[in-house]
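Report on the structure
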Protein chains: 2
Amino acid sequence: MKTTAEYSADIETAIRSLDLPDGKLSSLYAPVAYGLSAGGKRIRPVLVLMGADAFGNNCTEALLPAVGIETFHNFTLLHDDVMDKSDMRRGRPTVHKKYDENTAILSGDTMLTLATKYVADVEDGKLRKVIDTFNEMALRVYEGQRLDMDFESSDNISIPEYLEMIEGKTGALLGASAKIGAIIGNASDKDAALMYEYGVMTGLAFQIQDDWLDTFGDATTFGKPIGGDILNAKKTYLYVAALAEGGQTAEALRTAFNIPAGEMRIKTVTRLYEKLGMKEKCSKAVGHYSAQALKALNSTTLGEEEKEAFRKLAEKLIGRKK
Amino acid sequence: MKTTAEYSADIETAIRSLDLPDGKLSSLYAPVAYGLSAGGKRIRPVLVLMGADAFGNNCTEALLPAVGIETFHNFTLLHDDVMDKSDMRRGRPTVHKKYDENTAILSGDTMLTLATKYVADVEDGKLRKVIDTFNEMALRVYEGQRLDMDFESSDNISIPEYLEMIEGKTGALLGASAKIGAIIGNASDKDAALMYEYGVMTGLAFQIQDDWLDTFGDATTFGKPIGGDILNAKKTYLYVAALAEGGQTAEALRTAFNIPAGEMRIKTVTRLYEKLGMKEKCSKAVGHYSAQALKALNSTTLGEEEKEAFRKLAEKLIGRKK
């Protein structure tokens, strides 16, 4: 197997080699290329390549499907940015800012179909499984995004509801990436299902860790100002776990969130989380889902070298910027 | 073969039987059901059923893929309405009016994936052809929509450019509907390609006829006020064909379109079109593409009864409200 940096470089090359129409159709496809060129760690397509290589030593067949997964991911970012009215992403104007909102909607739709087309570029015998996995994943992602939107206007979200939301919004795509890679590598159905589990659980651990970092992390390594979730009254794991304590605790938390958005609210809520032991509870949840991911991985028929590669990837993803 | 009314009724039943998730996910799926329940002639899914029946006597297998085609069509309407800021469709509030814009974007995305999923519900041996036809069609539709948007700010569009736009926006989906039906009916590749041609050419004739009706039709049967395209300075076949005359004619047309939007502009432009013989030229184009559609149809290996059914459908679609 190659290193993740090598797989990631393969993805960058494949993205740059995409032969998107230009000329008078560049008003449709240039925003697609712009969305795809934003870079990032390319974790999801790397998972596809790793899965195909680990099970079948054929990451070449997996290259375009991997680009499809990244195209899907960038499509969701593009439409999410429209819905959230976010102006910047990764230090650049978002598509609807650089172009306009209608362009972001239509070029986003184009990315979803291109993603489906690229993902379908597998041997005929694997097409059914790959397409079904992809479509089901996409529905889970929309459902997760919808729940996240609905949570904004709700102040009574349970831990299971929160987990369902992030399983859709973050877990499903990582799970489907690992699974589609495994399918392309001719893995057994059982191994493919275990790789899905590995990806989903890694996704849950990653998202909960992200919540932790937003409150307790180090701004210089986290890359964003600390306390953003508290300022935006986001329903994070810390928040829903604290709410689940019920009674006076929940009341105190709701009161603290009524403090005008600013340093005082961040300090008060952070102190409350600490007092309630949420810092540890959150870390424990990260550990739990990381362990679940490794358990699934260890149950596959993969060799030790391949398992170690997936372990390292999960570690890199979850343990980042702690 | 059944009548188009019977096929259409089958589609309505299948749409009502879709088992979309409810409960807390109804905020995602209720707008999907709302979009799908708008009714209409269901021409596109009827074409799928007819194709499957005509070639293979198996419209049962084609039922969910046909619903997929209708779901795709309604997805495009939903996002188009957001982009055009249209508040009403078929006498009801549009999805972004009844719910909100973010809901229309996200539930629209969901419809596109559901459409792909439904269309993929065919025998494994047909999946590659069906999925490829569907994805290529979807890209043509976005390209057509994009050209249409770009035409708004251009006053120098050639007839070929206009035809390319409506081939994407209107023709491709009718073509893919007929072709996917044929594939499900186990038609030969040649017959499937001819059915695509039949659908596309029918679509061109339909769209040009629609342009004609908007200026020269009868408001009571057309269902919309006459002259809407002129008021909105839409780039119709009449407009681009008149422009193509060049010189003073083009100048006169551009001047007429500068008259403030109102009855005077409608009357002046309509008189200009008549004087230039555009009424006849447009009718002739409709006749030309109708003939192309029938030529493709007649070249298939279908029996006379089946050919007659498709002839009648094209006639019904193009000859409507004349």
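Right above here is the structure, for reference.
Below: a short report on this structure. (Residues numbered from 1 in each chain as written. Chains lettered and ligands numbered in written order. Predicted model: local features only at pLDDT ≥ 70, side-chain atom pairs only at ≥ 80, totals over all residues. Heavy atoms only, no water.)

With that out of the way, let us pick up the overall build of chain A. A tally of helices and strands in chain A yields 16 helices and two strands. Rg of the C-alpha trace for chain A: 20 Å, near the compact-globule value of 20 Å for 322 residues, within the 12% margin. Along the first, second and third principal axes, the C-alpha atoms of chain A reach 60 × 50 × 35 Å. Considering chain A as a whole, with its 322 residues, one finds that 57% of them fall into the buried category. Taking the intrachain contacts of chain A between residues at least 6 apart in sequence as the baseline, contacts between residues at least 24 apart amount to 74%. Looking at chain A as shown, the accessible area adds up to about 13000 Å², and 51% of this sits on carbon and sulfur atoms. Here chain A contributes 40 positively and 46 negatively charged side chains, and the mean placements of these two sets differ by 3 Å. (Helix = DSSP H or I, 4+ residues; strand = E, 2+ residues; numbered from the N terminus. Rg over C-alpha atoms; globule rule 2.2 N^0.38 Å. Buried < 20%, exposed > 50% of the residue type's maximum accessible area, 1.4 Å probe, protein only. Contact = heavy atoms within 4.5 Å. Areas by Shrake-Rupley, 256 points an atom, 1.4 Å probe, with all protein chains shown as cover. Lys, Arg positive; Asp, Glu negative; His and termini not counted. Charge placed at Lys NZ, Arg CZ, Asp CG, Glu CD.)

Another aspect to go through is the relation of the copies chain B and chain A. Between the two copies of this chain, the relationship is a rotation about some axis together with a displacement along it. Mapping chain B onto chain A calls for a rotation angle of 180 degrees and an axial translation of 0.0 Å; the resulting RMSD is 0.0 Å. Both chain copies can therefore be described as sitting about a two-fold axis. Taken as a fraction of all interface residues of chain B, those also at the interface in chain A reach 100%, which identifies the copy contact as same-surface. (Least-squares fit on C-alpha atoms with pLDDT ≥ 70 in both.)

A word on the pattern of salt bridges. All told, the structure shown has 42 salt bridges over all chains when counted by the stated rule. Glu-70 of chain A is paired through a salt bridge with Arg-42 of chain A; the nearest N and O atoms lie 2.7 Å apart. Of this pair, Glu-70 of chain A sits in helix 4 (residues 59–84) while Arg-42 of chain A sits in the loop between helix 2 (26–36) and helix 3 (43–56), placing them 28 residues apart in sequence. Exposure class is identical for Glu-70 of chain A and Arg-42 of chain A. Each is buried. Between Asp-148 of chain B and Lys-234 of chain B there is a salt bridge whose closest N-O contact spans 3.8 Å. Remark: Lys-234 of chain B occurs in the loop between helix 11 (228–231) and helix 12 (237–243) and Asp-148 of chain B occurs in helix 7 (residues 124–151); sequence separation between them is 86 residues. The exposure class of Asp-148 of chain B is buried, given its relative accessible area of 12%. Each of Lys-117 of chain A together with Glu-136, Arg-140 and Glu-143 of chain B takes part in a single network of salt bridges with overlapping partners. (Salt bridge = Lys/Arg side-chain N within 4 Å of Asp/Glu carboxyl O.)

Moving on to the side chain of Thr-71 of chain A. Residue and element names in this part refer to chain A. Mapped onto the elements, Thr-71 comes out in helix 4. From its side chain, Thr-71 meets the backbone oxygen of Val-67 in a polar contact 2.7 Å long. Dropping the residues within four chain positions of it, Thr-71 is found in contact with Leu-36, Met-111, Leu-114, Ala-115 and Tyr-118. (Polar contact = N/O pair within 3.5 Å; in protein donor to acceptor, adjacent residues only side chain to side chain.)

Tracing the chain through its elements places Ala-66 of chain B in helix 4 (residues 63–84). The contacts of Ala-66 of chain B, once residues within four sequence positions are left out, are Ile-11, Pro-45, Val-48 and Leu-49 of chain B.

On the chain A side, the residues contacting the 40 residues of chain B number 41 residues. The largest per-residue losses of area from chain B upon contact with chain A belong to Leu-106, Arg-128 and Arg-146 of chain B, which jointly make up 16% of the total buried on that side. For the interface between chain B and chain A, the tally reads six salt bridges. Close ionic contact of Lys-117 of chain A with Glu-136 of chain B constitutes a salt bridge, the shortest N to O distance being 2.9 Å. Taken together, chain B and chain A are joined by 24 residue pairs in polar contact (both at pLDDT 80 or more). Breaking the side of chain B that touches chain A down by element, the ones donating at least two residues are helix 2 (26–36), helix 4, helix 6 (101–119) and helix 7 of chain B. Examining the composition of the side of chain B that touches chain A, we find that 15 residues originate from one element, helix 7 of chain B, more than from any other. (Buried area = accessible area lost by both parts, 1.4 Å probe.)

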